[in-house]
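The primary structure of each chain is shown beneath.
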Amino acid sequence: MAARVGFHSSAYFVAVFKQYEQQTPKQYQLKARNKR
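If you're wondering where the values come from, they're calculated on a predicted model, not measured in any experiment. (Residues numbered from 1 in each chain as written. Predicted model: local features only at pLDDT ≥ 70, side-chain atom pairs only at ≥ 80, totals over all residues. Heavy atoms only, no water.)

1. A word on helix α1 (residues 10-21)
To keep it simple, the criterion reads: Here a helix means four or more residues in a row that DSSP labels H or I, a strand means two or more in a row labelled E, and each is numbered from the N terminus. Helix span is expected to be 1.5 Å times the residue number reduced by one. Residue exposure (1.4 Å probe, protein chains only): buried if accessible area is under 20% of the type maximum, exposed if over 50%, otherwise partly exposed. Comment: arc refers to directions from the helix axis out to C-beta atoms. Every residue pair with non-hydrogen atoms within 4.5 Å of one another is taken to be in contact. The term polar contact refers here to a pair of N or O atoms within 3.5 Å; inside protein, the definition further demands a hydrogen-donor-capable atom paired with an acceptor-capable atom, and it admits residues adjacent in sequence only when both atoms are side-chain atoms.
With twelve residues, α1 should cover 16 Å at 1.5 Å per step; its first-to-last C-alpha distance of 16 Å lies within 8% of that length. Every buried residue of α1 is accounted for by Phe13, Val16 and Phe17. For α1, the angular spread of the buried residues around the axis is 100°, confining them to a single face. The exposed residues of α1 that point more than 90 degrees off its buried face are Ala11, Tyr12 and Gln19. Next to the buried residues of α1 lie α2 (25-34). With a side-chain oxygen lying 3.4 Å from the backbone nitrogen of Ala11, the N-terminal cap of α1 falls on Ser9. Just downstream of α1 lies Gln22, where phi reads positive at about 60°.

Written out as structure tokens, the structure reads:
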């Protein structure tokens, strides 16, 4: 997934994502699924 949005490192993507969203991509995904 990280490569699809221009990141060469998935670890760096997770770090940047967490900085902006205050949660990991997995946590974000789980919350989105629970909102359905």
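2. Here's the deal with the side chain of Gln23
Tracing the chain through its elements places Gln23 in the loop between α1 and α2. A polar contact of 3.3 Å, which involves the side chain of Gln23, links it to the side chain of Lys31. In this structure Gln23 touches Phe17, Lys18, Tyr28 and Lys31, once residues within four positions along its chain are discounted.

3. Brief notes about the environment of Lys35
Relative to the helices and strands, Lys35 is located in the segment after α2. A sequence separation of 26 residues divides Lys35 from Ser9, and the C-alpha atoms of the two residues are 29 Å apart.

4. Let's talk about the UniProt feature "domain: HTH araC/xylS-type" (unreviewed entry) in the chain
Our working definition: UniProt positions are given in the numbering used here, feature names are shortened, and annotations may be inferred rather than shown by experiment.
UniProt's entry tags residues 1-31 with the feature "domain: HTH araC/xylS-type" (unreviewed entry), counted in the numbering of this structure. Split by type, residues 1-31 is 61% helix and 0% strand. Its first and last C-alpha atoms lie 18 Å apart.

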